[in-house]
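Chain and residue survey
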There are 2 protein chains.
Amino acid sequence: MQITSRFTIAVHIITALDYFKDRDRVNSDFLAGSVGVNPVIVRTVIGKLREAGLVHTLKGSSGAELARPLNEITFYDIYKAVDSVNEDEGLFHFHEQPNTECPVGRNIHKAMDGRLSAVQNAMEEEMKRITLADVVEDTRAAILEEE
Amino acid sequence: MQITSRFTIAVHIITALDYFKDRDRVNSDFLAGSVGVNPVIVRTVIGKLREAGLVHTLKGSSGAELARPLNEITFYDIYKAVDSVNEDEGLFHFHEQPNTECPVGRNIHKAMDGRLSAVQNAMEEEMKRITLADVVEDTRAAILEEE
DNA sequence: CAAAGCTGTAATATGATATATTACAGCTAT
DNA sequence: ATAGCTGTAATATATCATATTACAGCTTTG
């Protein structure tokens, strides 16, 4: 399995919103062109970023704006905003019907849940260390190096 | 998204193989009963564990055996064995067509790939710290506490 | 050694989820 | 007032996880 591309799409969008912030007509069609997906996907991803308080938008008007400085937006913020993993059950899909008439089946959850959370937590902590300022900086540097 | 339940199924199976190792008829039907999935799923998961060198099996004969002590089998070994995540592309699904005519689209991969690997790596390192001995120990303890 | 039990694996079906697409009401900008 | 745009619903399509049926061929048992 893989984490939905909504996550990398969201990072791409925020990077583009910053890079093209002084330009007119940065609408969902323009962004969709850069990302390579349908404009509706862009609008729904931006909608989730808005719900999470990461961007401000004005209905009917193009040009979403970042709600915080880039160095205060982490991969974790975006990952949570776009529902990258199942909120209720977590990163790991536990098989749903361990047999309660079997001692192992009855207790396997107890023995695993804490450890699965630790793994997920290790991943999320690493995501909190990475900010969009890092990505934007490297993107800009890569563009300058293109000559 | 979520990591396929093949992972927790595999941990459950290994735990059961250890717990019931002195018992007859620990075949795919028995294990499927404990895990709560179809016996064919059990056989294919065990097949992957065998390919990874974690268990020994004898075709036509029940009772798979662990190839290594429990404390030398980590979550990471199992996660790799059962193909929990896409081997080629990694944990994150990158949107597939960033526009190469856009400076951001051309360079977003360069700016993100290393960081996505770092996140995946943090998760995998944590998985290497957890062994099946831990899980089996806690499962046995939980069974004893059941009275 | 014959019968019964079991594995390994292929083929197919079903269900869930991600992404794409069409459509449009209603807001904004010119 | 017209054109542009967003937000969102509804629907379609593709992909993948899991379930299920089937069976050849190996192993164990009496």
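These remarks concern the structure in this document. Just so it is clear, the structure is predicted and the values come from calculations on it, not from any experiment. (Residues numbered from 1 in each chain as written. Chains lettered and ligands numbered in written order. Predicted model: local features only at pLDDT ≥ 70, side-chain atom pairs only at ≥ 80, totals over all residues. Heavy atoms only, no water.)

1. Regarding the overall build of chain A
Per the secondary structure count, chain A includes 6 helices and 2 strands. Walking chain A from its N terminus toward its C terminus, one meets helices and strands in the order α-α-α-β-β-α-α-α. The C-alpha radius of gyration computed for chain A amounts to 19 Å, which surpasses the reference 15 Å derived for 147 residues by more than 25%, pointing to a less compact arrangement than a globule. Viewed in the frame of its principal axes, chain A has a C-alpha envelope of about 65 × 35 × 25 Å. Per-residue burial for chain A yields a buried fraction of 49% across its 147 residues. The contacts in chain A between residues at least 6 apart in sequence include a share of 63% that link residues at least 24 apart. Surface summary for chain A: the accessible area is close to 7,300 Å², and the carbon and sulfur share equals 44%. Seen as two clouds, the 16 positive and the 24 negative side-chain charges of chain A have centres 5 Å apart. (Helix = DSSP H or I, 4+ residues; strand = E, 2+ residues; numbered from the N terminus. Rg over C-alpha atoms; globule rule 2.2 N^0.38 Å. Buried < 20%, exposed > 50% of the residue type's maximum accessible area, 1.4 Å probe, protein only. Contact = heavy atoms within 4.5 Å. Areas by Shrake-Rupley, 256 points an atom, 1.4 Å probe, with all protein chains shown as cover. Lys, Arg positive; Asp, Glu negative; His and termini not counted. Charge placed at Lys NZ, Arg CZ, Asp CG, Glu CD.)

2. Some details on the relation of the copies chain B and chain A
For the pair of chain copies, the relating operation is a rotation around an axis with a shift along it. When chain B is fitted onto chain A, the two copies agree to an RMSD of 0.0 Å after a turn of 180° and an axial shift of 0.0 Å. Read as a symmetry element, the transformation amounts to a two-fold axis. Every residue of chain B has its C-alpha some distance from the rotation axis, and the shortest such distance is that of Met123(B), at 2.4 Å. The residues that chain B uses at the interface reappear at the interface of chain A in 100% of cases, marking a shared surface. (Least-squares fit on C-alpha atoms with pLDDT ≥ 70 in both.)

3. Quick look at the protein's contact with DNA strand C
Among the 25 residues in the neighbourhood of DNA strand C, the closest are listed as Thr4(A), Ser5(A), Lys59(A), Asn27(B) and Thr57(B). In this structure, a phosphate oxygen belonging to DNA strand C sits 2.8 Å away from a side-chain N or O atom of Ser28(B). Mapped onto the surface near DNA strand C, the elements with two or more residues apiece are α3 (39–51) of chain A together with α3 (39–51) and β2 (61–66) of chain B. Per-element accounting of the surface near DNA strand C gives the leading share, 4 residues, to α3(B). Here the surface near DNA strand C is built from residues that sort into 6 nonpolar, 13 polar and 6 charged. (Near = heavy atom within 4 Å. Polar contact = N/O pair within 3.5 Å; in protein donor to acceptor, adjacent residues only side chain to side chain. Nonpolar A, V, L, I, M, F, W, Y, C, P; charged D, E, K, R; others polar.)

4. Quick notes on empty space enclosed by the protein
Where empty space is left can be seen by rolling a probe of water-molecule size over the atoms. Residues and elements named next belong to chain B. A complete count under the given rule lists 1 cavity of 30 Å³ or more for this structure. For the largest cavity, the calculated volume is near 30 Å³. Forming the walls of the largest cavity are Tyr79, Lys80, Asp83, Ser84, Val85 and Glu87. The residue makeup of the lining of the largest cavity, split by class, is 2 nonpolar, 1 polar and 3 charged. (1 Å grid on protein atoms, 1.4 Å probe; cavity = no way out; pocket = protein on both sides within 12 Å on 5 of 7 lines; lining within 4 Å. Points joined across faces, edges and corners; volume = space filled by probe spheres on them.)

5. Focus: the pairing of strand β2 (residues 61–66) of chain A
Residues and elements named next belong to chain A. With 3 bridges joining them, strand β1 (residues 55–58) and β2 adopt antiparallel strand pairing. Across the sheet, Val55 pairs through a bridge with Leu66, a residue of β2. Between β1 and β2, which pair antiparallel and follow one another directly, the connecting turn spans 2 residues, one of which, Gly60, has a positive phi of 90°. (Pairing = 2+ DSSP bridges.)

6. Focus: the packing of helix α5 (residues 103–128) of chain A against helix α1 (residues 6–19) of chain B
One can describe the packing of α5(A) onto α1(B) by two numbers: an axis separation of 10 Å at closest approach and a directional angle of 125°. Classified by the interaxial angle, the pair formed by α5(A) and α1(B) is oblique. Pair α5(A) / α1(B) crosses with right-handed handedness. Where α5(A) approaches α1(B), its residues Pro103(A), Val104(A), Gly105(A), Ile108(A), Met112(A) and Leu116(A) are matched on the opposing element by Phe7(B), Thr8(B), Val11(B), His12(B), Thr15(B), Ala16(B) and Tyr19(B). Of the residues assigned to the contact of α5(A) with α1(B), the class counts are 9 nonpolar, 4 polar and no charged. (Axes fitted to C-alpha atoms, helices over the stretch in contact; angles between N-to-C directions. Parallel < 35°, antiparallel > 145°, perpendicular 65-115°, else oblique. Left-handed = near helix turned anticlockwise from the far one by under 90°.)

7. With respect to the packing of aromatic side chains
Under the defined criterion, the tally for this structure stands at 10 aromatic pairs over all chains. Arranged with centres 5.8 Å apart and planes meeting at 35°, the rings of Tyr76(B) and Tyr79(B) form a pair that is tilted. One end of the pair, Tyr76(B), and the other, Tyr79(B), are both in helix α4 (residues 75–81), 3 residues apart, so they sit about a helical turn from each other. The class for Tyr76(B) is buried, based on a relative accessible area of 18%. For Tyr79(B), a relative accessible area of 2% puts it in the buried group. By the ring-pair criterion, three or more aromatic residues cluster together here, those being Phe7(A), Phe75(A) and Phe92(B). Of note, Lys128(A) hangs over the ring of Tyr76(A), and the distance from its end group to the ring centre comes to 4.7 Å. (Phe/Tyr/Trp six-rings, centres within 6.5 Å; stacked < 30°, edge-to-face > 60°. Lys NZ or Arg CZ within 6 Å of the ring centre and 35° of its normal.)

8. Thoughts on the packing of α1(B) against helix α6 (residues 132–144) of chain B
All names here are of chain B. Packing of α1 against α6 brings their axes to within 10 Å, and their N-to-C directions diverge by 65°. Along this stretch, α1 crosses α6, giving a crossing that reads as right-handed. Between α1 and α6, the contacting residues are Val11, Ile14, Thr15, Asp18 and Tyr19 on the first element and Leu132, Val135, Val136, Thr139, Arg140 and Ile143 on the second. Per-class residue counts for the contact of α1 with α6 are 7 nonpolar, 2 polar and 2 charged.

9. A look at the protein's contact with DNA strand D
Neighbouring residues of DNA strand D: 26 residues in total, closest Asn27(A), Thr57(A), Thr4(B), Ser5(B) and Lys59(B). Counting only elements with at least two residues in the surface near DNA strand D, the list comes to α3 and β2 of chain A together with α3 of chain B. Counting residues per element, the surface near DNA strand D draws most heavily on α3(A), at 4 residues. The class makeup of the residues in the surface near DNA strand D is 6 nonpolar, 13 polar and 7 charged.

By themselves, these are just geometric observations and shouldn't be taken as functional.
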